[in-house]
Amino acid sequence: MEFSEHFIAMEKYIEALQESICRGLEEEDTIKFREDRWIREEGGGGKSRIIQNGKVFEKGGVNISSVHGEMPETVAAVMQTEPGPFAACGISLVIHPLSPRVPTIHMNLRYFETVGGNAWFGGGIDLTPFFPCPEDFRHFHLTLKKACDAVDDSYYSRFKQECDEYFTLKHRREMRGIGGIFFDYLKNDVPHYFRLVKSVGDSFLPSYLPIVRRRKTEPYSEQDRLFQLIRRGRYVEFNLIYDRGTLFGLKTGGRVESILMSLPPEVRFLYDWHPEAGSPQAEMAEYYQPHDWIG
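Keep in mind that what you see is a predicted model, and the values were worked out from it rather than measured. (Residues numbered from 1 in each chain as written. Predicted model: local features only at pLDDT ≥ 70, side-chain atom pairs only at ≥ 80, totals over all residues. Heavy atoms only, no water.)

A few points about the side chain of Lys59
Here is the rule: Numbering of helices and strands runs from the N terminus; a helix is a DSSP stretch of H or I covering at least four residues, while a strand is a stretch of E covering at least two. Whether a residue is buried, partly exposed or exposed follows from its accessible area with a 1.4 Å probe, protein chains only, as a fraction of its type maximum: under 20%, in between, or over 50%, in that order. The sign given to each residue is positive for Lys and Arg and negative for Asp and Glu; His and the chain ends receive no count. Salt bridges are identified by distance alone: a Lys or Arg side-chain nitrogen within 4 Å of an Asp or Glu carboxyl oxygen. Polar contact is defined as a pair of N or O atoms within 3.5 Å, subject to the rule that within protein one atom must be able to donate a hydrogen and the other to accept it, and that residues adjacent in sequence are counted only when both atoms are side-chain atoms. We call two residues in contact whenever any of their non-hydrogen atoms come within 4.5 Å of each other.
Relative to the assigned elements, Lys59 resides in strand S3 (residues 57-71). Buried charge without a salt bridge: Lys59, with Glu257 as the nearest opposite-charge side chain at an N-O distance of 7.0 Å. Within the local environment of Lys59, its side chain forms a polar contact with the backbone oxygen of Leu263, the two atoms lying 2.7 Å apart. In contact with Lys59, other than residues within four places in its own chain, are Ile51, Gln52, Val94, Ile95, His96, Leu260, Met261, Leu263, Pro264 and Pro265.

What about the environment of Ser66?
Here Ser66 lies in strand S3. Since its relative accessible area comes to 17%, Ser66 is described here as buried. Distance in space between the C-alpha atoms of Ser66 and His96 is 24 Å, their sequence separation being 30 residues.

Some points on the sheet that holds strand S4 (residues 84-97)
Cut-off, in case you're wondering: Strand pairing requires that DSSP identify at least two bridges connecting the strands. Fitted lines through C-alpha atoms serve as axes, helices being fitted only where they are in contact, and the angles separating the N-to-C directions of these axes extend from 0 to 180 degrees.
Taken in spatial order, the seven strands make up an open sheet running S1-S2-S3-S4-S5-S6-S9, and their pairing is antiparallel. If you trace the sheet from one side to the other, it starts and ends with strand S1 (34-39) and strand S9 (180-186), each paired once. When the angles between neighbouring strand axes are averaged without regard to direction, this sheet yields 10°. The sheet strands contacting helix H4 (residues 155-166) are strand S6 (119-128) and S9, and the helix crosses S9 at an angle near 95°.

A few points about helix H1 (residues 5-26)
Cut-off, in case you're wondering: Every helix has an expected span of 1.5 Å times one less than the residues it contains.
With 22 residues, H1 ought to run about 32 Å at 1.5 Å a step, and its terminal C-alpha atoms sit 32 Å apart, in line with that. The set of residues buried in H1 consists of Phe7, Met10, Tyr13, Ile14, Leu17, Gln18, Ile21, Cys22, Gly24, Leu25 and Glu26.

Quick notes on the layout of surface pockets
Short version of the rule: Here a cavity is any set of points on a 1 Å grid over the protein atoms alone where a 1.4 Å probe fits but cannot get out, and a pocket is any open set with protein on both sides within 12 Å along at least 5 of 7 lines; a residue lines the site when it has an atom within 4 Å of a point. Grid points are joined across faces, edges and corners, and a volume is the space filled by probe spheres set on the points. Side-chain classes follow a simple rule in which Ala, Val, Leu, Ile, Met, Phe, Trp, Tyr, Cys and Pro form the nonpolar group, Asp, Glu, Lys and Arg form the charged group, and the remainder, Gly included, forms the polar group.
The volume enclosed by the largest pocket comes to roughly 870 Å³. Taken together, 47 residues form the lining of the largest pocket, with Asn108, Gly245, Thr246, Phe248 and Gly249 sitting closest to its centre. Counting only elements with at least two residues in the lining of the largest pocket, the list comes to S3, helix H2 (73-78), S4, strand S5 (104-114), S6, S9, helix H8 (244-251) and helix H9 (256-259). Broken down by element, the residue count for the lining of the largest pocket peaks at seven residues, all from H8. When its residues are assigned to classes, the lining of the largest pocket shows 23 nonpolar, 17 polar and seven charged. Counted as a void, the second largest pocket has a volume near 340 Å³.

Some words on unusual backbone geometry
Within the chain, Asn53 stands out as a residue other than glycine whose phi angle is a positive 60°. The topology assignment puts Asn53 in the loop between strand S2 (44-52) and S3. With a relative accessible area of 66%, Asn53 lands in the exposed category. Although it is not a glycine, Asn188 adopts a positive phi angle of roughly 80°. Relative to the assigned elements, Asn188 resides in the loop between S9 and helix H5 (190-202).

Structure follows, in structure tokens:
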């Protein structure tokens, strides 16, 4: 299938964004990302950059891919499009810091197009903290609002609500973190939505690095670490049950190591565990519900 100029532009953008994000994160740690290039037998490939066992980042990945081929009918039905030739490119990242004082963060930006001319953008960015630092959460959301407002000042509230709903573990009736923004199937005005995607992508480092710098050297307790590992379990549950990107990648023959790099290196699943009343963990648990961080 012949790729459109928009597809080629998105490929170039995510490649540059991967480079700038990796450089920015490496400056906060003592280790570097390793790089793996891979080829997908059905068409296309990608470049995975992984960081592990750092003093700041316990595990993380910043991956880009550009794939094409035949979309199965089952996947097409879920994605509300027709089966047949498709092309998709995007960037997907998850960073799991070692310290429970530093939040986990996720971002995904993607572009799809089909041979029939159907094309759309999707993605978002969300934060999963383990210690109550409301000033950090406000900074994160204000940075995302600024990114959205640069394109349309109605987008932040709309995409925040979509994020709160999407990143909810329905079986537990709680969010996996404190949200962010999420959007999908943005179509009919590719240049406009490409501006949005670039604005969101460019906001990643400003939204996250100030938090990393403030918190990475703070002391933490065994209870803080236990809570982090338990909440990481919620992260695993979401990614394996609900996450659209994970399911799409696995069902279309994606590279398993790159898809599952989003899973944390250590996690705890304890039966019927609850935080102690009045503890920082109990306070943090209250924030795993929709909250107005701007107002």
